[in-house]
Structures are given as structure tokens and as C-alpha cells.
Amino acid sequence: MGIDFHCKDNSDTYTTRRADNSWIKEVKKLLPMENISRAIDIGCGGGIYSKALADMGVEYVTGIDFSQAMLEGARKNCKEYQNISFVHGDAFETGLEGNKYDLILERALIHHIQDLHACFTEAFRLLKNDSFYIIQDRTPEDCLVEGDDTHIRGYFFELFPKLVEKETSRRHKSQFVVNMLHKTGFKHMKEVKLWEIRNVYDCKEQLLEDIRGRTGRSILHELHDEELEVLLNHIDKSLASNTNIVEKDRWTIWLAVK
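Parameters and conventions
- Chains are numbered independently. Their residues run from 1 in the order of the written sequence.
- Under the rules for a predicted model, residues below a pLDDT of 70 receive no local features and side-chain atom pairs below 80 are neither given nor counted, while totals for whole chains, interfaces and linings still include all residues.
- Values shown for side chains rest on all heavy atoms present in the structure; no hydrogens or waters enter the calculation.
- Note on geometry: axes are lines fitted to C-alpha atoms, helical ones only across the stretch in contact, with angles between N-to-C directions running from 0 to 180 degrees.
- A run of DSSP states H or I qualifies as a helix once it reaches four residues; a run of E qualifies as a strand once it reaches two. Both are numbered from the N-terminal end.
- An angle below 35 degrees is treated as roughly parallel, one above 145 as roughly antiparallel, one from 65 to 115 as roughly perpendicular, and anything else as oblique.
- Crossings are sorted by hand: turned counterclockwise from the far helix by less than a right angle, the near helix makes the crossing left-handed, and turned clockwise it makes it right-handed.
- Two residues qualify as a contact provided that any one of their heavy atoms is within 4.5 Å of a heavy atom in the partner residue.
- Note on classification: 1.4 Å probe, protein chains only; a residue is buried when its accessible area is under 20% of the maximum for its type, exposed when over 50%, partly exposed between these limits.
- Whenever two N or O atoms come within 3.5 Å, that pair is a polar contact, provided that in protein one can donate a hydrogen and the other can accept it, and provided that, for residues adjacent in sequence, both atoms are side-chain atoms.
- The pairing criterion is simple: DSSP has to find at least two bridges between the two strands.

K.L.:
Is there a simple way to think about the packing of helix H4 (residues 116–126) against helix H8 (residues 174–184) in this case?
P.N.:
The packing of two helices is summarised by the inter-axis angle and the distance between the axes. Packing of H4 against H8 brings their axes to within 9 Å, and their N-to-C directions diverge by 50°. Taken together, the axes of H4 and H8 are oblique relative to one another. For the pair H4 and H8, the sense of crossing is right-handed. Judged by residue contacts, Leu116, His117, Phe120, Thr121 and Phe124 of H4 engage Phe176, Val177, Met180, Leu181, Lys183 and Thr184 from H8.

This is the structure:
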């Protein structure tokens, strides 16, 4: 089944959140933001993190996505930001001028890509010397953390083994990512783990409705409607709290320098 990123009905599925302060604080620790004026957000989806970069003081942000539907949602999401532009392209061939950018962000992108060397080569071409490359994604280990009152995602995989196979098969091991960065020519690699707050829900029903809509959760498009209802019932029974639910996801961030 899977999500169709090119379907106009899905254009807003990655526009409904804001980047949490937990992410902003981590990026500010990793980067000298005062030195970053031009950034690219490759695989920008609905523009959530393009907007975050602009809010952090980046002067010009260019978002790139291979889906015209996603870009339609991103332009609408970021319509008040005159310093954000969006371009149709992909991680292998962005069509942008090389040796021009201070930062490239690729968040939740590389699990869609098998040829990391080609992806990283395009990023290397785009960046100025001594500029920064941030990749954020989940390793297979990140995917299999148990579910609890904050890590809601863990319940997906406890209940449906087919999701474990799907998820871990498309995730890259950390050492493989590092090796490909080295091979491409990047230096000064750094890896950090981040528990990023995804959303805060006033009540359990808000969370369940969000999951029912599969909003921003491509893995849930692997479930049929009946299976999704089973998952919702399982989460409803598993959560101890009915109010003020803080949902977090575990990520790996790789920082590299050209």
C-alpha cells in the first residue's frame, strides 16, 4: 500500500506541525547559526523545517522536494515567509548552483534512498568549503525502541511485525552512513541521538484522531483501515495518561563538514 507522496490529497499531511524547541536547541548546539545565511532543505515535505531554519535566522532557505503535491502544501504553509522559496527536484539532481550554500538539511529523507553516495555527492557539490551537512533519520535501532506513554511510535511495531520488517529494511545503519560520508569527502563527522518532541496533545482523543488520520506518519499507510483500528484500540488501552500527552520520537543526527 504505502503513501502516495504525489497525490494532491496528501499535500497537507506534512504541514500540520511546527518544529519543536527540542530540535531547534539541538541544531543550535551543532551549528554556528550566525555564520549561516543560505540553506537548503532537501526533501522538505510540507516546509516545517524550512520554516524553522528561517525562524532561527537563516537569511535564505530553499526547499526541494520531488513531489509537486508536497511543494504545493509547503508553499501554502510558508506563504508568510518571503525568504523561503521552493524548487521541484530530488536529492540526486537539485538543479541548483554549486559551491553556494552554508548548510544542507536532509531530515527524514535518506530512508527513501538506496544510493547514499549519489545523494551525498550532490550535497557535497552544493556546499561551500567548510560548510555544514545535517542528516537526520532513524537507524534500525531507533525504530525498535519500546512503546510507552511518550514513545507512541513503538506501539506500531509491537503490534504489527510486518511494520518492523518494512521499517528496518529501509533504514541505514549508522556506520554505513558515516562510511558513505567519508567516501564522498566529508570530514569532522559527529553523531548525536535526539528525542525530538513530535507533538503535545491536550487529551488522548487528540492523539488517537491524529493517528487515525495517519497525519505525517507514512508507515501507517502500510496498514489497512481495520488494522489501524486495532492499533488505535491497543494504544488507547496502553496509555496510562488521558491528558497532556507529550509524544517523542528518537532520531539519529549526523553532522558533517565539507
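K.L.:
Just to check I follow, could you spell out helix H3 (residues 68–77) for this structure?
P.N.:
For the α-helix, the turn length of 3.6 residues means that residues three or four positions removed from each other point alike. Residues of H3 that are buried: Ala69, Met70, Leu71, Gly73, Ala74 and Asn77. Summarising the contacts, the buried residues of H3 are in contact with helix H2 (48–55), strand S2 (60–65) and strand S3 (84–88). One side-chain oxygen at the N-terminal end of H3 lies 3.2 Å from the backbone nitrogen of Ala69; it belongs to Ser67.

K.L.:
Looking at this structure, I do not really get the sheet that holds strand S6 (residues 187–203). What am I missing?
P.N.:
The strands making up a sheet associate through backbone hydrogen bonding, with each pair oriented either parallel or antiparallel. With mixed pairing, 7 strands are arranged side by side in an open sheet as S3-S2-S1-S4-S5-S7-S6. One side of each edge strand has no neighbouring strand; the edge strands of this open sheet are S3 and S6. Between one strand and the next, the sheet's axes are offset by a mean angle of 20°, whatever the strand orientation. Here strand S5 (residues 127–137) pairs with strand S7 (residues 243–257) via 6 bridges, running antiparallel.

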